[in-house]
Amino acid sequence: MYQFKKGGSILGDLLYYEFDSIAEFLNYIENAPTNIAVWCDPQYLASMEGNYDFCQTNSLEEAISYCRFGTHPDIEKLEHLNIELNKYLTIDNHQSRKRNYYVGYAPNVKAYLEGNPLAMYCKKNPQRKHIHIYYNTSVSAFVSKKQILHRGVITINLVEMLEMMGYSVSLHLFNMGFLANQVFYTNFLFKKSGERLNVRKLYFPLCHPSFLRRLVFRLNEVTPNIMPAWPFGYGYPCTDEMIRETLKLKKQDIVINKPDVMNVFGRNLFFDAEAMMEYIDKQTDQEHSLKSFQKRR
């Protein structure tokens, strides 16, 4: 579950967690003792002392409950935003072009009159390809709750759209931050390939500030081998390049990282969606450009 790898990252040491599920993660942070050698002053326990404006929860216990049970006062708001964005965006799906075949859903009259045995229209069924999406929950202290929310909603829509295009999509939820010569990395496989997307399950980790600012911060606070400087800010989000190098990702793998870098500013969901898709398109090597996400007229 936890490994300390000296010299295991491009910056130096790697503090590495891997959890099989969110439930395992929550059980761990509830029971692991605080590293009092580093977090010796209770006022530096940001997971417990963080204020509501910053965390959008009143306590660590409240954040754990929301994450564990998928219940939150704003869950219906998220579902509404997801539906509205889905209406706004569509895909020019080149993979669904029709072709002639012996059987199909409609006749090709011209081919039939010419005596062509391939006289029925059917849809192409291309080989199903796999896409990995890596979502970094780490953001800076200056990122707003609206930026976090919009980034999460857009990611949920991205998964849905790619699956509509015929791709098999896995969503890897992780946190990767750094301070000096240490990289703090926590990994969850949150949506396996072929698994149905559960929006309520995704809401808290993807869209709520407290997943990082209480739950992941709590994981920082119980971690051995962590440097004494970590309580003063809890580190910085890693760049795309650091993530790709550390995780050995391929060019076609999609990294969802800091909202401000992807031009997600939290003012308009639709503008943020277009900017984020354009950013991803430039950073990856997809067979079908995400520029095919277009506004519905």
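None of these values were measured; they are calculated from a predicted model.

1. Here we look at the overall build of the protein chain
- What the protein chain contains, in helices and strands, is 11 helices and 12 strands.
- Sequence-distant contacts in the protein chain: of pairs separated by 6 or more residues, those separated by 24 or more amount to 72%.
- Put simply, the protein chain shows about 14,800 Å² of open surface, and 52% of that area lies on carbon and sulfur atoms.

2. Some thoughts on the nonpolar core
- Of all hydrophobic cores here, the largest spans 72 residues; its most connected members are F25, I133, L162, F211, L215 and I256.
- Top contributing element to this core by residue count: helix 7 (residues 145-164), with 9 residues.
- Those residues within four positions of I133 in sequence are excluded, and the remaining contacts are L158, V159, L162, V169, S170, L171, H172, I254 and I256.
- Membership of the second largest hydrophobic core comes to 13 residues, among which are Y16, M176, M242 and V255.

3. A look at unusual backbone geometry
- For Q56, which is not a glycine, the phi torsion comes out positive at approximately 65 degrees.
- With respect to the secondary-structure elements, Q56 resides in the loop between helix 3 (52-55) and helix 4 (60-69).
- Its identity as a non-glycine residue notwithstanding, Y234 has a phi of 65 degrees, on the positive side.
- Mapped onto the fold, Y234 is located in the loop between helix 9 (209-221) and strand 10 (236-237).
- Given a relative accessible area of 9%, Y234 falls into the buried group.

4. Points about the packing of aromatic side chains
- A complete count under the given rule lists 18 aromatic pairs for this structure.
- Between Y17 and Y28, the aromatic rings sit 5.6 Å apart at their centres with planes inclined by 65 degrees, giving edge-to-face as the arrangement. Remark: Y28 occurs in helix 1 (residues 22-31) and Y17 occurs in strand 2 (residues 13-19); sequence separation between them is 11 residues.
- Classification of Y17 as buried rests on a relative accessible area of 0%.
- Among the aromatic side chains, those forming a connected cluster through ring pairs are Y2, Y17, F19, F25, Y28, F184, F188, F211 and W230.

5. As for the pairing of strand 2
- The buried count for strand 2 comes to 6 of 7 residues, which makes it a mostly enclosed element.
- Note: strand 1 (residues 2-5) against strand 2, 4 bridges, orientation antiparallel. By the bridge assignment, F4 is partnered in strand 2 with L15.

6. Re the environment of S47
- Within the element layout of this structure, S47 appears in helix 2 (residues 46-49).
- In sequence terms S47 and E221 are 174 residues apart; their C-alpha atoms lie 8.3 Å from each other.
- When sequence neighbours within four positions are dropped, the list of residues in contact with S47 reads L60, R213, R214, F217, R218, E221 and Y234.

7. Section: the side chain of N35
- On the secondary structure map, N35 appears in the loop between helix 1 and helix 2.
- Relative accessible area serves as the criterion here: at 15%, N35 is assigned to the buried category.
- Of note is the side chain of N35, whose polar atom sits 2.8 Å from the backbone oxygen of T223.

8. Quick word on the environment of P33
- Tracing the sequence through the fold places P33 in the loop between helix 1 and helix 2.
- For P33, a relative accessible area of 63% gives the class exposed.
- Taking the C-alpha atoms as reference, P33 lies 10.0 Å from L219; in sequence the two are 186 residues apart.
- Among residues more than four places away in sequence, those in contact with P33 are R218 and V222.

9. Topic: the pattern of salt bridges
- Scanning the model with the defined rule gives 6 salt bridges in all.
- Of the charged contacts, one joins E79 and R200 as a salt bridge, the two residues approaching to 3.0 Å between their closest N and O atoms. In this pair, E79 sits in helix 5 (residues 75-88) while R200 sits in helix 8 (residues 199-207), placing the two residues 121 residues apart along the sequence.
- A relative accessible area of 24% means that E79 is categorised as partly exposed.
- Measuring nitrogen to oxygen at the nearest pair gives 3.6 Å for the salt bridge that ties K282 to E278. Taken together, the residues span about one helical turn, with K282 and E278 both in helix 11 (residues 269-283) at a distance of 4 residues.
- Residue class for E278 comes out partly exposed when judged on its relative accessible area of 40%.

Parameters at a glance
Residues numbered from 1 in each chain as written. Predicted model: local features only at pLDDT ≥ 70, side-chain atom pairs only at ≥ 80, totals over all residues. Heavy atoms only, no water. Helix = DSSP H or I, 4+ residues; strand = E, 2+ residues; numbered from the N terminus. Contact = heavy atoms within 4.5 Å. Areas by Shrake-Rupley, 256 points an atom, 1.4 Å probe, with all protein chains shown as cover. Core = buried A, V, L, I, M, F, W, Y, C linked by side-chain atoms within 4.5 Å. Buried < 20%, exposed > 50% of the residue type's maximum accessible area, 1.4 Å probe, protein only. Phe/Tyr/Trp six-rings, centres within 6.5 Å; stacked < 30°, edge-to-face > 60°. Pairing = 2+ DSSP bridges. Polar contact = N/O pair within 3.5 Å; in protein donor to acceptor, adjacent residues only side chain to side chain. Salt bridge = Lys/Arg side-chain N within 4 Å of Asp/Glu carboxyl O.

That is the geometry; function is a separate question.
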